[in-house]
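This is what each chain is made of:
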Amino acid sequence: MLDINITKVERSKLNDLTLENIPFGKYFTDHMLEADFENGEWGNIEIKPYQPLVLDPSVSALHYGQSIFEGIKAFRQDDGEAFIFRPYENFKRFNLSAERMNMPEVPEEIFIEGMRQLIELDKNWIPTQADHSLYIRPFMFATDFLLGVKPSDTYKFLIILSPVGPFHAAPMKIAVEEKYTRAAPGGVGFSKNAGNYGGSMLPATRAKQMGYDQVLWTDAFEHKWLQEVGMMNIGFVIDNTFVTPMLEDTILKGVTRDSVITILKDMDIKVEERKVSVDEIVNEYQNGRLTEIFGMGTAAVISYIKKLKYRDVEMEFDINGFSISPKVKQALDDIRAGKKDDRHGWMFKV
Ligand code: COI
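This is a predicted model, so every value here is computed, not measured.

## Focus: the packing of helix α5 (residues 255-266) against helix α7 (residues 324-337)
Line of reasoning, step 1. Between α5 and α7, the least distance of the axes is 10 Å, while the angle of their chain directions is 105 degrees. Classified by the angle their axes make, α5 and α7 are roughly perpendicular. On α7, the residues that touch Thr256, Ser259, Val260, Ile263 and Leu264 of α5 are Ile324, Val328, Ala331, Leu332 and Ile335.
Line of reasoning, step 2. Here the contact of α5 with α7 is built from residues that sort into 8 nonpolar, 2 polar and no charged.

Structure, rendered in structure tokens:
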């Protein structure tokens, strides 16, 4: 068993809070996990009261961006048992991000067992209402106090927890992005590093100024091949087939994307992971075969798209007519709530 030094709060903040309909990522539980990488190994593994970090202003992550994270959700089922949804997938992806950003791997026993013990301690923070969950945010950043440009020798790994209500993603209006680029081949698009999100803020703000909620990212060379929508993977239903861009190094290997694909295959719905061009989408819209379009991510799960703009073409979708994506969302909800057989072993018991 992993040796974690545990210091508990004297009084839970939960006494002052109701967990219903709270905004995403604004409140944090009583405890956090922290570990330090120094002299080539991980140590100082602690679970302690949630608290500020004290860092020197020269801390490397703030200047040169070695900073990665994950997003995972935990649920409490009717019998009170807590479960984490597919944490090993995020664990694997976290270490892929770490490798790409020249950061050390975090061992499974710190990431998974540390997370388990932290959640066990803050289990009462997992909301039980429908569409509520505990959002888990593991992250790692470079902690050398040095302005020299080089991979840091020291790092901090933390896990913080935030109870979240429904990410009331109202159906989105999306504009195809042809100027800015999220990710290029050989770059860092597949990794969940902080800079990918920083770089997306300006294009998203521009899109908002034009009346859209987010952008649909296209490839760096031709601005023609679709990548992701905002911070999510993108999916389409074309002639009753689910179509999504295939995984390349420009695309995040979404756990929700993978779960959606698996559920669709269970439902005997045809799945195509391949290159998808904006021209194909416009054509299929115009000939009436494109019937559903949505984003897939941990935070919002499935986010329907009601409008897609490409140049002077405005494509409108009647989300009340979507049939396949709501069924997938329901199946996911049911598995997480323990109401449907967890045939793929996705629910990890705390
Ligand atoms: C997700 O869909 O979970 C994301 O990656 C968004 C997150 C940064 C809040």
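## Regarding the nonpolar core
Line of reasoning, step 1. Core analysis: the largest hydrophobic core is formed by 49 residues, its most contacted members being Leu216, Phe236, Phe242, Leu264, Ile281, Leu308 and Met315.
Line of reasoning, step 2. If you tally residues by element for this core, the top one is strand β16 (residues 301-310), at 6 residues.
Line of reasoning, step 3. Setting aside residues up to four positions removed in sequence, Phe242 forms contacts with Gly235, Phe236, Val260, Ile261, Leu264, Ile269, Lys270, Val271, Glu272, Phe294 and Met296.
Line of reasoning, step 4. In terms of nonpolar packing, the next biggest core, distinct from the first, is built from 48 residues, Ile4, Met32, Ile45 and Met101 among them.

## With respect to the site of the ligand
Line of reasoning, step 1. In the vicinity of the ligand, the residues found are Phe24, Phe69, Tyr135, Arg137, Lys192, Tyr197, Met231, Gly297, Thr298 and Ala299.
Line of reasoning, step 2. One of the backbone N or O atoms of Thr298 is found 3.3 Å from an oxygen atom in the ligand.
Line of reasoning, step 3. Here an oxygen atom of the ligand sits 2.9 Å away from a polar atom, N or O, in the main chain of Ala299.
Line of reasoning, step 4. For the ligand, whose accessible area on its own is 280 Å², the fraction buried by protein is 86%.
Line of reasoning, step 5. Its residues assigned to classes, the shell around the ligand shows 6 nonpolar, 2 polar and 2 charged.

## Things to note about the pairing of strand β10 (residues 214-218)
Line of reasoning, step 1. Of all 5 residues that make up β10, 5 are buried, and the element is covered over most of its length.
Line of reasoning, step 2. Across the two faces of β10 the burial is the same, with Gln214, Leu216 and Thr218 and Val215 and Trp217 all buried.
Line of reasoning, step 3. By the bridge criterion, 3 bridges tie strand β9 (residues 172-176) to β10 in an arrangement that is parallel. Paired with Ala175 across the strands is Val215, a residue of β10.
Line of reasoning, step 4. Pairing geometry for β10 and strand β11 (residues 226-229), over 2 bridges, is antiparallel. Pairing of Thr218 across the sheet is with Leu226, part of β11.

The rules behind each value
Residues numbered from 1 in each chain as written. Predicted model: local features only at pLDDT ≥ 70, side-chain atom pairs only at ≥ 80, totals over all residues. Heavy atoms only, no water. Axes fitted to C-alpha atoms, helices over the stretch in contact; angles between N-to-C directions. Helix = DSSP H or I, 4+ residues; strand = E, 2+ residues; numbered from the N terminus. Parallel < 35°, antiparallel > 145°, perpendicular 65-115°, else oblique. Contact = heavy atoms within 4.5 Å. Nonpolar A, V, L, I, M, F, W, Y, C, P; charged D, E, K, R; others polar. Core = buried A, V, L, I, M, F, W, Y, C linked by side-chain atoms within 4.5 Å. Buried < 20%, exposed > 50% of the residue type's maximum accessible area, 1.4 Å probe, protein only. Near = heavy atom within 4 Å. Polar contact = N/O pair within 3.5 Å; in protein donor to acceptor, adjacent residues only side chain to side chain. Areas by Shrake-Rupley, 256 points an atom, 1.4 Å probe, with all protein chains shown as cover. Pairing = 2+ DSSP bridges.

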